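A closer look at the structure
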Amino acid sequence: MLDLSVIILTYNEEIHIGRCIKSVLSLTDKIYLVDSFSKDKTTEIAKSHGAKVFENKWENNYARQFNWGLDNLPIQTRWVLRLDADEYLSEELMKEIEKRLPLIDSETSGIILNRKQNCFNTWVHSLELLRIFEHGNGRCEERWMDEHIVLESGKTQKFENYFLDHNLNNFGWWIAKHNGYSIREAIDLLDLEFNLTGQDKVISGIGVEASEKRKKKLKYAKSPLFWRAFAYFIYRYIFQLGFINGRGQFVWDFFQGWWYRSLVDAKILEIKQACGNDPLKIKKYILEVYKIDI
């Protein structure tokens, strides 16, 4: 077994959690769930596969929940792997981690992994993410969306093989989930514009590709509402040749790249029409209407 712990955040993930845990069992037996009091069989399934379950109330913020896990789980390993319940390691990545992780030098504190995204049985998107990091040398940045692990020090290495994001829920579930995401994304973009949280907008220490994506998001936040969502769809589907990858790619680029981001912009427009450009009024409105305390 490797000197590795795995942290998985869960809430009602019974259709995913077994697959996720099985993909890391050959690497470690130190698998920890931070569960938000699931009402289905998530914790029962996890325990049956050897995972240790801890419960903590969800505060509508992924970073706070994950960092609670870092602070409260009995982790004694050098390395921590962050996985979502609907993600799992490919066979090739399992073998690569097993071979390479024990050989990592002391100056390295983070490992960049490649993630592939599935939509309607089509692999539509890939992204490099910092997902393995030294315990005590990395935390999840406090953001409302697109949270990354940020290292305090040390360099990173990149592994070649993929872990996979394949959610098994129906498309109506995906729509409802992204409707919920949209207000958090709106808060994130308003924070970039008005600094609602008063926190630094980290663009380094999260991996090269993720850092470049963050820089593009800063530019995106300054672009006109609605036009930017349309332009993003055109960029992904036309200029990045999404149209050659079939119907699954179209669904992903249209709904995730245009529909979702237009929904985000509609909520930003709603908030600005109600509050103008006053940060205090914006924060009060979001608390009163969406019950989110920034």
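Note: the structure precedes this text.
Right, let's walk through the structure included here.

Quick notes on the rules
- Once a new chain begins, its residue numbering starts again from 1 and follows that chain's sequence as written.
- Under the rules for a predicted model, residues below a pLDDT of 70 receive no local features and side-chain atom pairs below 80 are neither given nor counted, while totals for whole chains, interfaces and linings still include all residues.
- Processing note: side-chain calculations cover all non-hydrogen atoms of the structure and skip hydrogens and water entirely.
- Put simply, a salt bridge is a Lys or Arg side-chain nitrogen that is within 4 Å of an Asp or Glu carboxyl oxygen.
- Numbering of helices and strands runs from the N terminus, with a helix taken as a DSSP run of H or I at least four residues long and a strand as a DSSP run of E at least two residues long.
- Partly exposed describes any residue whose relative accessible area lies between the buried limit of under 20% and the exposed limit of over 50%, with all areas from a 1.4 Å probe on protein chains only and scaled to the type maximum.
- One requirement defines pairing of two strands: DSSP has to find at least two bridges between them.
- Classification remark: right-handed applies to a crossover when, strands pointing away from the viewer, the course from the first strand over the helix to the second runs clockwise.

Remarks on the pattern of salt bridges
- If you walk through the whole model with that rule in mind, you get 21 salt bridges.
- Between Asp188 and Arg143 there is a salt bridge, and its shortest N-O distance comes to 2.5 Å. Taken together, the residues span a long stretch of sequence, with Asp188 in helix H5 (residues 171-194) and Arg143 in the loop between strand S8 (138-140) and strand S9 (149-151) at a distance of 45 residues. Each of the two residues, Asp188 as well as Arg143, counts as buried.
- Residue Lys215 is joined to Glu212 by a salt bridge in which the shortest nitrogen-to-oxygen separation is 3.5 Å. Here Lys215 pairs with Glu212, and both are found in helix H6 (residues 208-221), just three residues apart, close to one helical turn.
- Residue Lys215 is classed as partly exposed on the basis of its relative accessible area, which comes to 39%.

Things to note about the pairing of strand S2 (residues 31-35)
- With five of its five residues buried, S2 lies for the most part within the structure.
- Covered by surrounding structure in S2 are Ile31, Leu33 and Asp35 together with Tyr32 and Val34, the residues of both alternating faces.
- Pairing of strand S1 (residues 4-10) with S2 involves five bridges; the strand directions are parallel. Within S2, the position partnered with Ile8 by the bridge is Leu33.
- With helix H1 (residues 17-22) bridging S1 and its parallel neighbour S2, the resulting β-α-β unit is right-handed.
- Strand direction decides the pairing type here: S2 and strand S3 (residues 52-55), joined by four bridges, are parallel. Within the sheet, the bridge partner assigned to Leu33 lies in S3 and is Val53.
- The β-α-β motif built from S2, the intervening helix H2 (residues 42-48) and the parallel element S3 has right-handed crossover chirality.

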